[in-house]
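Secondary and tertiary structure notes
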Amino acid sequence: MEDELITLAIHTYEKAQILKTILETEGIEVYIHNVNLIQPVVSAGVRVRIKESDLPKALRVIEDSHWLEDNEEDLVEPDKRKKKILIPVDFSDYSLKACEIGFNYAAKIDAEVMILHAYYAPYFPMAVPMGDTLAYQIDDNKELGVILNRVRADMDNIYNYINQKIALGELPKIKYHHVLREGLPEEEIIAFAKEYNPTLIIMGTRGNSQKDLDLIGSVTGEVIDHNRIPVLAIPENIHYKNLEEMKNVAFATSYVQQDLVAFDAFMKLIEPYQIKIHLFNISTTRDEWNEIRLTGIQEYLKKQYPDAEIDYTVLNDGDLLQAIDSFVQSKQIDLIALSAKRRNIIARIFNPSIARRMLFHSETPLLVIHAK
């Protein structure tokens, strides 16, 4: 049976070439797809692919490599004078659901909204002979014009949809704007978030049927992994349009100090709502030390949040995602929150975090908080 190729990452041409070199030095065949043949250096959305049988070895090689570590940049603290909500959209139905959730949340916390769409246009200046340049630019300018017209028309449709909902009283009347950015969506969203400093990023995600497709290259997953701003991921099959409808919210913990910092940020985000909070463990290995730490967390939260209704659950042993599914169903959980550790870029690309695994597995909204 022929060995199938699997996609490990979707990146710029430069990063794809570095990953390719890392793996090939260890004897692993690597293929890169979706490269701009005229000027490959400016390609975005390049797929790095390997044979499925090479995956275990590739993961071991990547884990030991430090060539692509991030140079972490300190993020400016969000503007405390005016709260902001950033909603990246791709004009899909689940983007519209993210808009509805975002507008209702913004009204609740007195925030403004920025709707962002990032689009990829395969147009770049060509360093080729004069005669060929003219021909390429004519075709590329025409294609770029088509893309821009389509993007603007789609954004107009979003505006019309929102304004109609506001006129009918189905969405609150709040201040909102939009921005268009050209480039790879995940990179543009992350870059704009650093400029805009929102309180929260709200994004739509596909549902269970899409969980195995391009897992590593998901835009929402990349934004979660590469920025320090809280991200609320809204699945397409969410059963409510307003966070006010939430009754039960779960917070995942590993019983570490970082989780307590993230929990404080979580409490500020959900402060406007009267809900029951369920703390649960994201390790299905039971031991006495975890029980001791759980008791310590209970005492801490009781002192810090005396008025909060907090319940504690220890998941059953076994597969973590199955245990979470059972927990979500039995407790009727409307949203799951958890902290996400800042990790080496290689580890983020090749070993999806628990946040990303849950993102593609669950039909429950996921709030991911980077503890500072």
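Residues numbered from 1 in each chain as written. Predicted model: local features only at pLDDT ≥ 70, side-chain atom pairs only at ≥ 80, totals over all residues. Heavy atoms only, no water.

Check the secondary structure of the protein chain and you find 11 helices and 13 strands. Across the 372 residues in the protein chain, those meeting the buried criterion constitute 49%. (Helix = DSSP H or I, 4+ residues; strand = E, 2+ residues; numbered from the N terminus. Buried < 20%, exposed > 50% of the residue type's maximum accessible area, 1.4 Å probe, protein only.)

All right, on to the pairing of strand S10 (residues 276–281) then. Among the 6 residues of S10, 5 are classified as buried, and the element is accordingly described as predominantly covered. Chirality of the crossover, the property in question, places the unit of strand S9 (residues 248–253), helix H7 (residues 257–269) and S10 among those that are right-handed. (Right-handed = clockwise from strand over helix to strand, strands pointing away.)

This part is about the confidence of the model for the protein chain. When pLDDT is averaged along the protein chain, the result is 77, and 72% of the positions lie at 70 or above. Mean pLDDT in the protein chain bottoms out at helix H10 (residues 345–350), which sits at 50, and peaks at strand S4 (residues 83–88), which reaches 96. Scored below 50 in pLDDT, residues 123–138 shows 16 contacts in the model against residues more than four places distant or in partner chains. (pLDDT = per-residue confidence, 0-100. Contact = heavy atoms within 4.5 Å.)

Reading across the sheet, the 10 strands line up as S6-S5-S4-S7-S8-S13-S12-S9-S10-S11 and stay open at both edges, with mixed pairing between neighbours. Two strands lie at the open edges of the sheet, namely strand S6 (176–182) and strand S11 (309–313), each paired on one side alone. The sheet shows a mean angle of 25° between the axes of neighbouring strands, taken without regard to direction. In this sheet, strand S8 (residues 231–235) lies alongside strand S7 (residues 200–205) in parallel orientation, the contact comprising 5 bridges. From the neighbouring strand, Thr205 faces S8, where its bridge partner is Pro235. (Pairing = 2+ DSSP bridges. Axes fitted to C-alpha atoms, helices over the stretch in contact; angles between N-to-C directions.)

This structure, assessed with the given rule, holds 10 salt bridges. Of the charged contacts, one joins Glu100 and Lys165 as a salt bridge, the two residues approaching to 4.0 Å between their closest N and O atoms. Of this pair, Glu100 sits in helix H3 (residues 93–109) while Lys165 sits in helix H4 (residues 130–167); the two residues are 65 residues apart in sequence, bridging distant segments of the chain. Across the pair, Lys165 and Glu100 agree in class, each one buried. Across the pair Arg181 and Glu195 runs a salt bridge, and its minimum N-O distance is 3.3 Å. Within this pair, whereas Arg181 is found in strand S6, its partner Glu195 is found in helix H5 (residues 185–196), the two being separated by 14 residues in sequence. (Salt bridge = Lys/Arg side-chain N within 4 Å of Asp/Glu carboxyl O.)

Turning to the nonpolar core, a few remarks are in order. With 52 residues, the main nonpolar core has Ile85, Ile115, Phe263 and Phe266 as its most contacted residues. Tallying contributions element by element places H3 first for this core, with 8 residues. Formed by 33 residues, the second largest nonpolar core is a distinct cluster that contains Ile190, Ile201, Val231 and Leu321. (Core = buried A, V, L, I, M, F, W, Y, C linked by side-chain atoms within 4.5 Å.)

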